[in-house]
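Chain by chain, the residues:
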Amino acid sequence: MLIRRCAALFLEPREHLDLDLATLFAGEQALTPRVEWVALAPHLGGEATVSAGEVAALSSIGESLWIERSPADARFGRGTIEALLARGLLLSNTAKHARWRELDERVRQTRWWPLSAALHATSRWRGQQASPDPMAGYRDFAELVAEIGPPPAEVTGRGPGEARLPLPAPAPAPLDGPLRARYTGRNYDPRASLPLSTASRLLQRTFGAQARREVAPGMAVLKKGSPSAGGLHPIAAYVLAQRIEGVPVGLYHYHPVAHALEPVRALAAAEAAELASRFVARQSWFAGAPWHVVLVCRFARNFWKYRNHPKAYRAVILDAGHLSQTFFLLAAEAGLPAFITAAINEVDIAEALDLDGVTEDALAVCGCGPAAAEATVVELRSDPA
């Protein structure tokens, strides 16, 4: 049997403080530090606790070359090597460990920068509930500040005021209205639907191809309304339609060239509502929007150019931000509040959309819709001009 270590692996010494009641009652220091080693490997989809002996084995077996197992058994113990193989931290060329080997190979072939891969994999949620609205239980911001203290100042300055260079007032322009009107909506009318024409415009102008060009044999690029690292546009849009006029309730993939919704899965209304709530980690103030647009990154496309690059993951996060702000602006143009949230259950979304979480995964969810007449959750609705 041949073995090697997984491609991306980080070992974190995590301290725990144990309380000794007998020592406490004797009036002495009752806290005893205990260090536990935790293995963070993106292909695992979670953390794994490892012993000191297992750490020694992992630090001595490389991730590139396949080596014979028997010398490792003799040096570190057969049980240690078997335990590491069973948990996917070591890989073998046998059918028994094929699943871990294939998952690890997916990380290698996608060209993830190891630190970014670990960050993405270990911050994914399944079935989580986001923290409740910070304003829950408070009548207004005054009560919140009285309870937890004031935040850092809303603005910072550099140098004395008299050194500032005044700028001319900006001239009125067509974008002023939508920019002033837009705000993050947290109170959606649960009975209102989104007109199909509005959904169509938001999808085409935000995610749709405004042009397509062949730049080399086997390579085409799209022009969109937002910038993208390398012009690669790796973010795909998936739609969870709850109340879009003329669109059956369900999950869809938006095709940016054909400008069409491709059915992924039909849903009953109650099932869609539950899925929407799960997607946004039970943030009830977002779950009731008539549609949710999931921003799914095709990492393999971005990392094709930016291979094992320390800035590649940051670039795709920026791509998602650019798209969401274009979406916000178009929603404001249509007179609708919008939202974007990164507090999402990526694993649940991946299962619903059949994504593997390595070559493709959700980064954020956005949406918009008609506002409820009465705001029950605090939001900063548009300022007067």
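Now for a look at the structure at hand. Here the residue index of a chain counts from 1 through its sequence in written order. For a predicted model such as this one, the threshold for reporting local features is a pLDDT of at least 70, and the threshold for listing and counting side-chain atom pairs is 80 or more; totals across whole chains, interfaces and linings nevertheless cover every residue. Side-chain numbers come from the whole structure's heavy atoms, not from hydrogens or water.

Some points on the overall build of the chain
Note the cut-off: Counting from the N terminus, the helices are DSSP H or I runs at least four residues long and the strands are E runs at least two residues long. Three exposure classes are used, based on accessible area relative to the maximum for each residue type with a 1.4 Å probe and protein chains only: buried under 20%, partly exposed in between, and exposed over 50%. Contacts are assigned to residue pairs that have any heavy atoms within 4.5 Å of one another. Surface accessibility follows the Shrake-Rupley procedure with a 1.4 Å probe radius. Residue values consider only the protein chains on display as shielding. Positive charges are assigned to Lys and Arg, negative charges to Asp and Glu, while His and the chain termini are left out of the count. One atom stands in for each charge, and that atom is NZ of Lys, CZ of Arg, CG of Asp or CD of Glu.
Helix and strand content of the chain: 14 helices and 14 strands. Expressed along its principal axes, the backbone C-alpha trace of the chain runs to roughly 75 × 70 × 55 Å. Looking at the 385 residues of the chain, the share that counts as buried comes to 42%. For the chain, restricting intrachain contacts to residue pairs at least 6 apart in sequence, the fraction spanning at least 24 positions comes to 71%. When the accessible surface of the chain is summed, it comes to about 20,700 Å², and 56% of that surface belongs to carbon and sulfur atoms. Here the chain contributes 40 positive and 40 negative side-chain charges, whose respective centroids are spaced 8 Å apart.

Overview of the environment of Val 247
Following the sequence through the fold, Val 247 ends up in the loop between strand S9 (235-241) and strand S10 (250-255). The sequence separation of Val 247 and Ala 57 amounts to 190 residues, and the corresponding C-alpha distance is 56 Å. Dropping the residues within four chain positions of it, Val 247 is found in contact with Leu 196, Ala 241, Tyr 252 and Leu 261.

With respect to the pattern of salt bridges
The following threshold applies: We define a salt bridge as a contact between a side-chain nitrogen of Lys or Arg and a carboxyl oxygen of Asp or Glu at a distance within 4 Å.
A full pass over the atoms with the stated rule returns 19 salt bridges. Here Asp 73 and Arg 78 are joined by a salt bridge, their closest N and O atoms 3.0 Å apart. Assessed through its relative accessible area of 54%, Arg 78 is described here as exposed. Salt bridges here are not isolated pairs; linked through shared partners, they connect Arg 69, Asp 73, Arg 78, Glu 82 and Lys 96.

Comments concerning the sheet that holds strand S6 (residues 90-92)
Worth spelling out the cut-off: What makes two strands pair is DSSP finding at least two bridges between them. Here an axis means a line fitted to C-alpha atoms, over the contact stretch when the element is a helix, while the angle between two N-to-C directions is reported on a 0 to 180 degree scale.
The antiparallel open sheet is built from three strands, whose spatial order is S5-S1-S6. The sheet is open, and its two edges are formed by strand S5 (67-68) and S6, each paired on a single side. One ladder, built from two bridges, connects strand S1 (residues 2-5) with S5; its direction is antiparallel. Across the sheet, residue Ile 3 finds its bridge partner in S5, namely Ile 67. Running over the sheet, helix H4 (residues 78-86) touches S1 and S6 and is turned about 85° from S6.

Focus: the sheet that holds S9
Here six strands make up an open sheet; going across it, the order is S11-S10-S9-S12-S14-S13 and the pairing antiparallel. Because the sheet does not close on itself, it has two edges, and the strands there are strand S11 (260-266) and strand S13 (338-341). Averaged over all pairs of adjacent strands, the angle between their axes in this sheet comes to 25°, without regard to strand direction. Where S10 meets S11, six bridges bridge the pair, whose relative direction is antiparallel. Each bridged residue has a counterpart across the sheet, and for His 255 the counterpart in S11 is Ala 260.

Topic: the packing of helix H3 (residues 69-76) against H4
This is how the line gets drawn: Relative orientations are named as follows: roughly parallel for angles under 35 degrees, roughly antiparallel for angles over 145 degrees, roughly perpendicular for angles from 65 to 115 degrees, and oblique for any other angle. Each residue gets one of three labels, nonpolar for Ala, Val, Leu, Ile, Met, Phe, Trp, Tyr, Cys and Pro, charged for Asp, Glu, Lys and Arg, and polar for the others, Gly among them.
It is at 6 Å that the axes of H3 and H4 come closest, and there the two elements cross at 120°. With respect to each other, H3 and H4 are oriented oblique. Every residue of H4 that contacts H3 at Arg 69, Ala 72, Asp 73 and Phe 76 is listed here: Arg 78, Thr 80, Ile 81, Glu 82 and Leu 85. The residue inventory of the contact of H3 with H4, partitioned by class, reads four nonpolar, one polar and four charged.

Side note on the packing of aromatic side chains
Put simply, the test is: Two aromatic rings from Phe, Tyr or Trp, using only the six-membered ring of Trp, form a pair when their centres are within 6.5 Å; if the ring planes differ by under 30 degrees the pair is stacked, by over 60 it is edge-to-face, and anything between is tilted.
Taken as a whole, this structure holds nine aromatic pairs when the rule is applied. Taking 5.7 Å as the distance between ring centres and 45° as the angle between the ring planes, the aromatic pair formed by Trp 112 and Tyr 313 counts as tilted. Taken together, the residues span a long stretch of sequence, with Trp 112 in the loop between helix H5 (98-110) and helix H6 (114-122) and Tyr 313 in helix H13 (residues 312-333) at a distance of 201 residues. Of the residues examined, Trp 112 reaches a relative accessible area of 5% and is grouped as buried. For Tyr 313, a relative accessible area of 11% gives the class buried. Between Trp 285 and Phe 286 the ring centres are 6.3 Å apart and the planes differ by 65°, which places this aromatic pair in the edge-to-face class. Residue Phe 286 is classed as buried on the basis of its relative accessible area, which comes to 4%.

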